[in-house]
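Observations on chain architecture
Residue-level listing of the chains:
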Amino acid sequence: QVQLVESGGGLAQAGGSLRLSCAASGRTFSSYDMGWFRQAPGKEREFVAAISWRTPSIHYADSVKGRFTISRDNAKSTVYLQMNSLKPEDTAVYYCAADWLLSKNSDYRSVDYWGQGTQVTVSS
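We now turn to the structure provided with this report. Being a predicted model, the structure only gives us computed values, none of them experimental.

1. Digging into the environment of Gly 8
- In this fold, Gly 8 is placed in the loop between strand 1 (4–7) and strand 2 (10–13).
- Other than its neighbours up to four places away in sequence, Gly 8 contacts Leu 18, Arg 19, Leu 20 and Thr 118.

2. Looking at the environment of Ala 23
- With respect to the secondary-structure elements, Ala 23 resides in strand 3 (residues 18–24).
- For Ala 23, a relative accessible area of 39% corresponds to the partly exposed category.
- Placed 79 residues apart in sequence, Ala 23 and Leu 102 show a C-alpha to C-alpha distance of 18 Å.
- Here Ala 23 is in contact with Gln 3, Leu 4, Val 5, Ser 77 and Thr 78, once residues within four sequence places are set aside.

3. Quick look at the sheet that holds strand 1
- Sheet architecture is open: 4 strands sit in the order 1-3-8-7, paired in antiparallel fashion. Unpaired on one side and paired on the other, strand 1 and strand 7 (68–73) mark the two borders of the sheet. The mean inter-strand angle of the sheet, taken between neighbouring strand axes irrespective of direction, is 15°.
- As paired strands, strand 1 and strand 3 are joined by 4 bridges and run antiparallel to one another. Note that in strand 3 the partner of Val 5 across the bridge is Ala 23.

4. Some thoughts on the pattern of salt bridges
- Counted according to the given criterion, the structure contains 4 salt bridges.
- Close ionic contact of Arg 67 with Asp 90 constitutes a salt bridge, the shortest N to O distance being 2.8 Å. Here Arg 67, found in the loop between strand 6 (58–60) and strand 7, pairs with Asp 90, found in the loop between strand 8 (78–83) and strand 9 (92–99); they are 23 residues apart in sequence, far enough to count as distant.
- The salt bridge involving Asp 107 is made with Arg 109; its shortest N-O contact spans 2.9 Å.
- Taking relative accessible area as the criterion, Arg 109 reaches 65% and is therefore assigned exposed.
- It is possible to trace a salt-bridge network through shared partners that takes in Arg 38, Glu 46, Arg 67 and Asp 90.

Here is what the cut-offs are and how they apply
- All residue numbers here refer to positions counted from 1 along the written sequence of the relevant chain.
- Local features in this predicted model are restricted to residues of pLDDT 70 or higher, and side-chain atom pairs are both shown and tallied only at a pLDDT of 80 or more, whereas totals for entire chains, interfaces and linings draw on every residue.
- To obtain the side-chain values, all non-hydrogen atoms of the structure were used and water was disregarded.
- By the criteria applied, helices consist of DSSP H or I runs no shorter than four residues and strands consist of E runs no shorter than two, each listed in order from the N terminus.
- Contacts: residue pairs with any heavy atoms within 4.5 Å of one another.
- Working definition: with a 1.4 Å probe on protein chains only, accessible area under 20% of the residue-type maximum means buried, over 50% means exposed, and in between means partly exposed.
- Two strands qualify as a pair provided that DSSP identifies no fewer than 2 bridges between them.
- Axis lines are fitted through C-alpha atoms, for helices just across the contact stretch, and the angle between N-to-C directions can take any value from 0 to 180 degrees.
- The working definition used for a salt bridge is a side-chain nitrogen of Lys or Arg within 4 Å of a carboxyl oxygen of Asp or Glu.

Set out below in structure tokens:
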């Protein structure tokens with residue numbers, strides 16, 4: 001099992017940047033794929049990005065590719081999401097996620113572990 005805690009959300013202007021962090025508990029952190037989902041009011045939770053230790057694979061939603069960068073530091077049991085060139089449509093609650101397998105095709109309803117979420121608001 002994994003416990004996840006996000007931080008780094010806040011308010012940014014369009015074109016600005018934020019970096020989200022997700023701290024994970026447990027010695028088996030590196031055994032899980034880690035990723036980020038987001039959910040805007042009235043919308044389904046959607047995939048944002050994921051990173052896997054099994055292969056050098058990183059997945060991004062088309063809406064964020066080229067703007068967001070996911071990374072992980074297993075020694076610190078932390079995954080990051082660097083968000084650049086933010087747009088108002090990026091406004092959402094961002095959730096850290098962990099599962100044996102995560103990809104751009106992952107259904108949020110089947111993800112095993114979630115953080116509490118952190119609010120990201122982008123103003124125009």
